[in-house]
Amino acid sequence: KNEVEQSPQNLTAQEGEFITINCSYSVGISALHWLQQHPGGGIVSLFMLSSGKKKHGRLIATINIQEKHSSLHITASHPRDSAVYICAVSNFGNEKLTFGTGTRLTIIP
Amino acid sequence: EAGVAQSPRYKIIEKRQSVAFWCNPISGHATLYWYQQILGQGPKLLIQFQNNGVVDDSQLPKDRFSAERLKGVDSTLKIQPAKLEDSAVYLCASSLGLGRNSPLHFGNGTRLTVT
């Protein structure tokens, strides 16, 4: 069993839909990261959080430490949101990141 | 603020050849990471530096991979000799440093194809 599990693996939605991507982890963490990777592109850090909720534009990230679960939400989705979204957790001490396998999101106009 | 710079952007080599990748982290970032991302998978940490010291290289195939960060700034990752299974994107990332719990900043990666 992977330490970081994401669901769904693939998600296709119509433009304007509300999107939710889930991440569960099985180890103690110092922080959880949501990352975005476009085809052929580098990785962009969207959020780093250790409790509660963060919002940036149309993106919202939440984390429940007790349940070891985080969600990434996209409101009013747009085709430019199409990308792979990766959840990663960092350990205490060396802050080594453990990555999930990613969720491939496709938004259809 | 300038981002993490990596070069080359793409590299195609034959198996058993050697290759080197270069990374220039964000100025002032003490921690530097090299990740390998095989198509369809999440990134795998190869090596983590704190300044010019190695923090974690447990997943680095040391018989063929080497990395250095001599002056605690730029870093190079070398593969010698390359194998077909080394075909991947090699990502460099940097952060402020251990204990700072700061976000990682990634470069655009180097896409390596071994034929």
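Please refer to the structure placed before this passage.
All of the points below concern the structure found in this document. (Residues numbered from 1 in each chain as written. Chains lettered and ligands numbered in written order. Predicted model: local features only at pLDDT ≥ 70, side-chain atom pairs only at ≥ 80, totals over all residues. Heavy atoms only, no water.)

**A closer look at the interface of chain A and chain B**
Counting from both sides, the interface comprises 21 residues of chain A and, opposite them, 25 residues of chain B. Contact between chain A and chain B buries roughly 1,600 Å² in total, counting both sides, with carbon and sulfur atoms accounting for 50%. Taken together, the links from chain A to chain B amount to one residue pair in polar contact (both at pLDDT 80 or more). Elements that contribute at least two residues to the side of chain A that touches chain B include exactly strand 4 (31-37), strand 5 (43-49), strand 9 (83-90) and strand 10 (97-99) of chain A. In terms of residue count, strand 4 of chain A provides more of the side of chain A that touches chain B than any other element does, four residues in total. Looking at side-chain class alone, the side of chain A that touches chain B contains seven nonpolar, 12 polar and two charged residues. (Contact = heavy atoms within 4.5 Å. Buried area = accessible area lost by both parts, 1.4 Å probe. Polar contact = N/O pair within 3.5 Å; in protein donor to acceptor, adjacent residues only side chain to side chain. Helix = DSSP H or I, 4+ residues; strand = E, 2+ residues; numbered from the N terminus. Nonpolar A, V, L, I, M, F, W, Y, C, P; charged D, E, K, R; others polar.)

**Some details on the state of the cysteines**
Residues and elements named next belong to chain A. Using the criterion set out here, one finds two disulfides over all chains in the structure. The disulfide partner of Cys23 is Cys87, and the S-S distance across this bridge is 2.0 Å. Judged by the torsion about the S-S bond (-60°), the Cys23/Cys87 disulfide is left-handed. Within this pair, whereas Cys23 is found in strand 3 (residues 19-25), its partner Cys87 is found in strand 9, the two being separated by 64 residues in sequence. Take Cys23 and Cys87: they sit in the same class, and that class is buried. (Disulfide = S-S within 2.5 Å. Buried < 20%, exposed > 50% of the residue type's maximum accessible area, 1.4 Å probe, protein only.)

**Considering the sheet that holds strand 6 (residues 52-56) of chain A**
Residue and element names in this part refer to chain A. Strand order in the open sheet formed by five strands is 1-3-8-7-6, and the pairing between neighbours is antiparallel. Unpaired on one side and paired on the other, strand 1 (4-7) and strand 6 mark the two borders of the sheet. On average, each strand axis in the sheet is tilted by 15° relative to the strand beside it, whichever way the strands run. As defined by bridge partners, strand 7 (residues 59-64) adjoins strand 8 (residues 69-74) across six bridges and the pair is classed as antiparallel. Each bridged residue has a counterpart across the sheet, and for Leu59 the counterpart in strand 8 is Ile74. (Pairing = 2+ DSSP bridges. Axes fitted to C-alpha atoms, helices over the stretch in contact; angles between N-to-C directions.)

**Details of unusual backbone geometry**
Residue Pro8 of chain B is bonded to the preceding Ser7 of chain B through a cis peptide linkage, with omega at -10°. By secondary structure assignment, the location of Pro8 of chain B is in the loop between strand 1 (5-7) and strand 2 (10-13). The step from Gln80 of chain B to Pro81 of chain B runs through a cis peptide bond, and the omega angle for that step is -5°. Its location among the elements puts Pro81 of chain B in the loop between strand 8 (75-79) and strand 9 (88-95). Phi angles above zero are rare outside glycine, and Lys68 of chain A is one such case at about 55°. Note that Lys68 of chain A resides in the loop between strand 7 and strand 8.

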